[in-house]
Amino acid sequence: MARALLSAIVEQLGPFISSEFTLTLGPFISSEFILTATVKQEVQKLETKFRTIQAVLNDAEKRQLKEEAVKLWLDKLKGISYEMDDVLDEWNTAMIKEEIEKQQKEDENAETSTTKKRKVWSLISVPNLFQHRDIAHKIKELDEKLDEINKEREMYGFELSRAIEVVERPKTTSYVDMSDILGRDKVKDELVNIILGKGTEKEKCPHVISLVGMGGMGKTTLAQLAFNHHEVKDHFEDRIWVCVSEPFDQCRVAKAIVEALGVRDFNTTELQSLLEKICELIRGKKFFLVFDDVWTEDQALWKPFRDALKNCGSQSSRILVTTRKGKVVKMMESANMIKLEELSEEDCWLVFRKIAFSDKDPKQCEQLEVLGRQISKKCKGLPLAAKTLGSLMHFKKSKEEWKNVLDSNLWELEDVERGLFAPLLLSYFDLPSPLKRCFSYCAVFPKDHAFNVNELVHMWTAHGFVESKGNMEVEIMGREYFDNLVIRSFFQEDIYGYKMHDIVHDFAQLITKNECFIINSDIESESDYNNARHLRLVIPKETQFPVSIDSAKNLRTLIFFNEGGYNISNLFQNFRLLRVLTLECRMKLPHTVENLIHLRYLILFRCNEVLPEAICNLCNLQYLEITQTSGSVFTKLPQGIGKLINLRHLVGKNFLIPRGIGRLISLRTLKCFSISDEDSERCKLGELKDLNHLQGSFEIRGLGNLVDISEAKNAQLKKKIHLRELKLSFKKGKDRGWQDDWVPNAVDPNDKRMERDVLFLNALEPTQDLELLNIRWYQGTTMSPNWLMSLTKLKTVSIDSVAKLMSLPPLGKFPLLEWLTIWNVCSLKKVGVEFLGIESKNKKQDIIFPNLKHLEFVWLEEWEEWIGIGGKEDADCITVMPRLQCLEIHSCKKLKSLPNFLRTIPLNKLVIAGCPTIKKRCQRETGQDWRTISHIPNIHLLEQSNYAWPVDCFNDEKLASGLDNEKIAVTLMAPDGLDAASPKTSKQEWLVFRSIKGNVITRGWSYDMIFASNSDLKLSGLL
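Conventions and cut-offs
Residues numbered from 1 in each chain as written. Predicted model: local features only at pLDDT ≥ 70, side-chain atom pairs only at ≥ 80, totals over all residues. Heavy atoms only, no water. Helix = DSSP H or I, 4+ residues; strand = E, 2+ residues; numbered from the N terminus. Buried < 20%, exposed > 50% of the residue type's maximum accessible area, 1.4 Å probe, protein only. Contact = heavy atoms within 4.5 Å. Areas by Shrake-Rupley, 256 points an atom, 1.4 Å probe, with all protein chains shown as cover. Pairing = 2+ DSSP bridges. Axes fitted to C-alpha atoms, helices over the stretch in contact; angles between N-to-C directions. Phe/Tyr/Trp six-rings, centres within 6.5 Å; stacked < 30°, edge-to-face > 60°. Lys NZ or Arg CZ within 6 Å of the ring centre and 35° of its normal. Parallel < 35°, antiparallel > 145°, perpendicular 65-115°, else oblique. Left-handed = near helix turned anticlockwise from the far one by under 90°. Nonpolar A, V, L, I, M, F, W, Y, C, P; charged D, E, K, R; others polar. Polar contact = N/O pair within 3.5 Å; in protein donor to acceptor, adjacent residues only side chain to side chain.

## A short note on the overall build of the protein chain
Summing up its helical and strand segments, the protein chain has 29 helices and 35 strands in all. Per-residue burial for the protein chain yields a buried fraction of 54% across its 1023 residues. Across the protein chain, every contact between residues at least 6 apart in sequence was considered, and the portion connecting residues at least 24 apart equals 67%. Element-wise, carbon and sulfur atoms account for 48% of the exposed surface of the protein chain, whose accessible area totals about 44,900 Å².

Spelled out as structure tokens, the structure:
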């Protein structure tokens, strides 16, 4: 890691030397500034010394594992490298601020009088000269420290080594299939037999089975195999999986059991109430409960669970515990214990070979087999070691490379958990320098943390870990880094995303010892935080901020969950070197936030309605994310937002955006742009003109407030070629998106909205690469903008709450459309061939909706007719919706019949809800439309609809942001005025959750129900 840090510093030194730093001082050279004038020479000296030391870092990083003196030397070197980075960044920040102020003066068309010039000079130039001098002093001090380190380098006699070459991302790779576990069949059968009670003479209640083994032995994998075994599934009424990990939080574990049993809205934090609920849910039932990854040896923590489970469930119930510790087995009073042993040499070789030799030529495999078997023996039967080394060797082709790995002296590491980290060390040292920093940084996250890839990449970028490469976006490069780490088995993918195996996490903590810390209480620690660089800090309620943390003046990352009422203003005084700050901000953000001049990444949870102007002085800020306390709250962005010229990602919704955002031409992410109805403050839509780097999803709200069509034209959405999702809301007034009541705005007969909306929609021509389009609150009677049919890549379309639309656009022409929702179109009475897009006279070639898979019509109050295709001849020559799997029609009470072409569609599911006439016509055998739908295997005819409002606005990649990973929940907001306790009216049919993209949201999340409390909805994830 030291090499990685040093490489980054050396890269910065070159531009620093050639900067204006030494060029602007000529007229002011005096005895006071002599030191400043020679800074260029000092920096050149630094660069030479850094490069000299860099040449021996490979040898030094390996020797530090056994030689304490070398480790201390490296620590000193890293300390100076961090200091140098701070100095360079301080200088670059000063230059950026000068440029911003210069641009501001130009924008304001300042007068050019002598008086004005003197004011500018007094405010900018003189202080900067003093700042230059201060930086020069710091460089001189660092130069002297580096001299001492360089002398020590010679004393240790380090061997020179070639510079590390950046390894390109491998083109192909193979993963071990979780269902294809090698060498565990015997122990799996033994475990399943015990779980099922086969051969058990006497029962012990609760019957606890402990699965014991060192980290990386495959305990969790074996438990998963047993948990999903078909006989186990059939045998137990309830199966419950709880990841316990460390620390053992009784309430969290109890709540996880309750949620796994299907209760999502039990919000108490009292252990007694939770245990009573568990007893109620399992009373008399035969259950199978897995406690995965138990560390605690405190019997007092386990006793309440043992006593409760003993008296509730069936005698045939089973509890399976996985742990590394033998003492846990005794503490849990286990009836059975299985000690998971190492794989046999042959099985270990098979695991290694499966990965290492995949995609290799058979002749090459034969040549490397002898070396491969010898290397696999070094794994000592550890499945993770075999997998990690297999991934390492997969990309090595020559015998020499394999021999170097075999002969490596890094295997003999007795002090690293009995050699467990030796394979990981090999993989770690094989990483390019930037990836080493990226991997080791992950030690700041807790065990079992589900990594959000984008979040992690943005953090890496904020620290400068991700190197630029040509014109490639730094975020794309960062994702490649992550993928490379996944391929090399540093991360493992599961249904919840990506996690780091405990062993790998322990290893990351080992190599970042004294740099990365995780603190979850107010208990004072004896740890020395002087060299701490990265900290995750959770202050529970009614606890104090640990005073010892104040010594961590060199922090660069602070992930702070403040439940104890700590005065956050102290943070900005003590931790001025932060690059990354995640803050639960319940109180007003102080103006001292401007002290964090190095800050690149800032997340504010539960933010207040107004951000201070001081935040605009954070000119290095690249990522800013803001979440409000509720969906009805709007955060007013500061007037000086245009000064954040390095901002790439502005994440959040319900922003009041001031003028000046158009200067942020580096923006890649701006999820939502709200047009205010207050002329004096609003930012005009035309400011989007130069934001042509916007990517992903983009939403424009409040289009009903527009009065000048030129604004829509000036937005130039067509030039935003990286956008893939566009949502246009024509709501008038304050637009809160889906938090608004879904009743459309009342239409004033004197208002020109209908005509204006048609013109505005036509002017908002987007890029042709869109894959999702959502239009809502539109007041036009037609929806056929000139550009609509050019969007040939559309996969998802949603038309919502359009009060005056009389006919649907020809959506059947979209070749790739997969998902279509027509929702709350109040005036629509007929759906006919215009919707299918049938126009051509030669209809033999026509395929209508060729890729549509899901179609929904919801709450069309006036819809009466769904007209099919004309005569038999037309029906025979036109293919309609050949891939449609699901059709749902909700709350369309006036609809009279279904179209004839449904009988030819290979539907798998049909839902008719709240449509009395259609329901009657679709009755089995007797209904008039029964022959049209009789071929469909799953038909649901419901009296009332249980449809929820569309939620495609939810960002699945940030569903759990702001919450501890242990609390798998998401806070959403209900529409104002809805009472979840007594859902009686059609407006309250939102209790059962539905997703615009289906009943499975990506990233492995699955949702059952929305539970409401007052104005908050809690959306519970199914673990």
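Additional details are given in the paragraphs that follow.
## A short note on the sheet that holds strand β5 (residues 336-339)
In spatial order, the strands read β2-β3-β4-β1-β5; together these five strands make up an open sheet with parallel pairing. With partners counted over all chains shown, the strands left at the sheet margins are β2 (238-245) and β5, one partner each. The sheet shows a mean angle of 15 degrees between the axes of neighbouring strands, taken without regard to direction. When strand β3 (residues 287-294) meets strand β4 (residues 318-323), the two strands line up parallel, connected through five bridges.

## Focus on the packing of aromatic side chains
Applying the stated criterion across every chain, the model contains 31 aromatic pairs. Geometrically, the ring pair formed by W349 and F357 is edge-to-face, given 5.8 Å between the ring centres and 70 degrees between the ring planes. For F357, a relative accessible area of 9% translates into the label buried. An aromatic cluster of at least three residues, connected via ring pairs, comprises Y441, F445, F451, W460, F465, F482, F491 and Y498. Cation over ring: K436 sits above Y428, and NZ or CZ is 5.5 Å from the ring centre. We note K731 situated over the ring of W777; from NZ or CZ to the ring centre the distance is 4.1 Å.

## What about the packing of helix α15 (residues 362-377) against helix α17 (residues 399-406)?
One way to put it is that α15 packs onto α17 with a least axis distance of 10 Å and a crossing angle of 15 degrees. The angle between α15 and α17 places the two elements in the roughly parallel class. Our pair here, α15 against α17, has a crossing hand that is left-handed. Of the residues in α17, those in contact with Q367, L368, L371, G372, Q374 and I375 of α15 are K399, W402, K403, V405 and L406. A breakdown of the residues in the contact of α15 with α17 according to their chemical character gives six nonpolar, three polar and two charged.

## Notes on the environment of N692
When you line up the elements, N692 lands in the loop between β18 (672-674) and β19 (696-701). By relative accessible area, which is 25% here, N692 ends up partly exposed. Spatially, the C-alpha atom of N692 lies 8.7 Å from that of Q716, the residues being 24 residues apart in sequence. In this structure the side chain of N692 is engaged in a polar contact, spanning 3.2 Å, whose partner is the side chain of K720.

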